[in-house]
Amino acid sequence: MKRTKLYMDTAVSIQIVTGKSTSEEAVTQKMNQAFEAFQKVEQACSRFSPDSELMSVCQQVGVPVSVSPFLFEPLKFALEIAKWTDGIFDPTVGKTMEYHGFNRHYLTGQSIESPSAATVTYRDIILNEQDRTLCLQKPLVIDLGAVAKGFAIDLAAHELKEFEGFVVNAGGDLFAGGVNDGGEAWEIGIQHPERKEEMVSTVLLSNEAICTSGGYERKSAAEADVHHLIDPKTKRSPKEWVSSSVIAPFAMMADAFSTASFLLGAAEGQRLMEQAGLQGILITSDLQLVRVGGL
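Residues numbered from 1 in each chain as written. Predicted model: local features only at pLDDT ≥ 70, side-chain atom pairs only at ≥ 80, totals over all residues. Heavy atoms only, no water.

The protein is annotated in an unreviewed UniProt entry as FAD:protein FMN transferase of Paenibacillus terrae. UniProt lists a comment for the protein under the heading Catalytic activity (unreviewed entry), and it reads "L-threonyl-[protein] + FAD = FMN-L-threonyl-[protein] + AMP + H(+)". (UniProt positions renumbered as here; feature names shortened; annotations may be inferred.)

Further remarks concern the environment of Ile14. Within the fold, Ile14 resides in strand E2 (residues 10-17). For Ile14, a relative accessible area of 0% puts it in the buried group. Separated by 91 residues in sequence, Ile14 and His105 have C-alpha atoms that sit 24 Å apart. Not counting the four nearest positions on each side in its chain, Ile14 is found in contact with Met1, Lys2, Arg3, Met31, Ala34, Phe35, Leu160, Val167 and Val168. (Helix = DSSP H or I, 4+ residues; strand = E, 2+ residues; numbered from the N terminus. Buried < 20%, exposed > 50% of the residue type's maximum accessible area, 1.4 Å probe, protein only. Contact = heavy atoms within 4.5 Å.)

Here the second largest pocket is characterised by a volume of approximately 300 Å³. Considering only residue class, the lining of the second largest pocket consists of seven nonpolar, six polar and six charged. (1 Å grid on protein atoms, 1.4 Å probe; cavity = no way out; pocket = protein on both sides within 12 Å on 5 of 7 lines; lining within 4 Å. Points joined across faces, edges and corners; volume = space filled by probe spheres on them. Nonpolar A, V, L, I, M, F, W, Y, C, P; charged D, E, K, R; others polar.)

For helix H5 (residues 148-159), which comprises 12 residues, the first-to-last C-alpha distance of 17 Å matches the rise-based estimate of 16 Å (1.5 Å per residue) to within 8%. Counting buried positions along H5 yields nine of 12 residues, so the element is predominantly enclosed. For H5, the full list of buried residues reads Ala148, Lys149, Gly150, Phe151, Ala152, Ile153, Asp154, Ala156 and Ala157. (Expected span 1.5 Å × (residues − 1).)

Here we come to the packing of helix H3 (residues 69-84) against helix H6 (residues 251-264). Two elements in contact, H3 and H6, have axes whose closest approach is 11 Å; the angle formed by their N-to-C orientations is 35 degrees. Remark: the crossing between H3 and H6 carries right-handed chirality. Residues Glu73, Pro74, Phe77, Ile81 and Trp84 of H3 form the contact with H6, whose own contacting residues are Met252, Met253, Ala256, Phe257 and Ala260. Here the residues of the contact of H3 with H6 are counted per class, giving nine nonpolar, no polar and one charged. (Axes fitted to C-alpha atoms, helices over the stretch in contact; angles between N-to-C directions. Left-handed = near helix turned anticlockwise from the far one by under 90°.)

Next up on the list: the pairing of strand E12 (residues 279-284). Where burial is concerned, most of E12 is hidden: five out of the six residues are buried. Here four bridges tie E12 to strand E13 (residues 289-292), and the two strands are oriented antiparallel to one another. Bridge assignment links Gly280 to a residue of E13, and that residue is Val292. Counting the residues between successive antiparallel strands, the hairpin from E12 to E13 contains four residues, one of them, Leu287, with a positive phi of roughly 65 degrees. (Pairing = 2+ DSSP bridges.)

What follows is the structure, given as structure tokens:
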């Protein structure tokens, strides 16, 4: 069974491999629960909806605010990656994203303009794990675009873990569970950066995630040389890679590391993946494939 719905500006497809004894009703129920994970994460983490939990929190500066696990967990992970990369990966890049034109809701077309201090970093966000509170030290805009989709994929995959096989695919970022209907690992293609219908490589996955960050995916309408992957220090888009695909045990990790390795550039991006013990495929600006981690 396979179904597709729209969440997070992405077509989300869920495919499930079932045995003959599994009722269609039971499969449908679990599939709906998996889709609900995307809805909950979007409601919590969207930078484009004024009434999302994230944007509500961004209006409250200098006071601890209790937040749901749907916001706390991805933000906590994003801050860990920010520390690891010394701020090249930084969830406080939201205002810079707005400045470059990434500020319109994909359904309503409504644009959002948010207050922010001139200089902000991830160190301006204080998380209290005991109380599950968040406190902003300055006015800023949090962007969780590099972790929220992966987090939603992982929550959806958790709902489907009882099945023999399944794939949760959110615009090419996915978790492949178990085996396909032939009893084998899932064969997953990596999209060519310039020819959308062509795959540059394939990988075999079972109970693993793969996520891709590419400079070809979302271009700025305001500036021709800028895409949605922006270095928070230079406020420009790096050019050494055109695509970074990372395989990891769970999708939020693959999501974050594909973005971080892209932003870090050639040598540092590879080194980060190797330090984390991850495999991946990086594509250079002249379309050469660089395989990392013995892939």
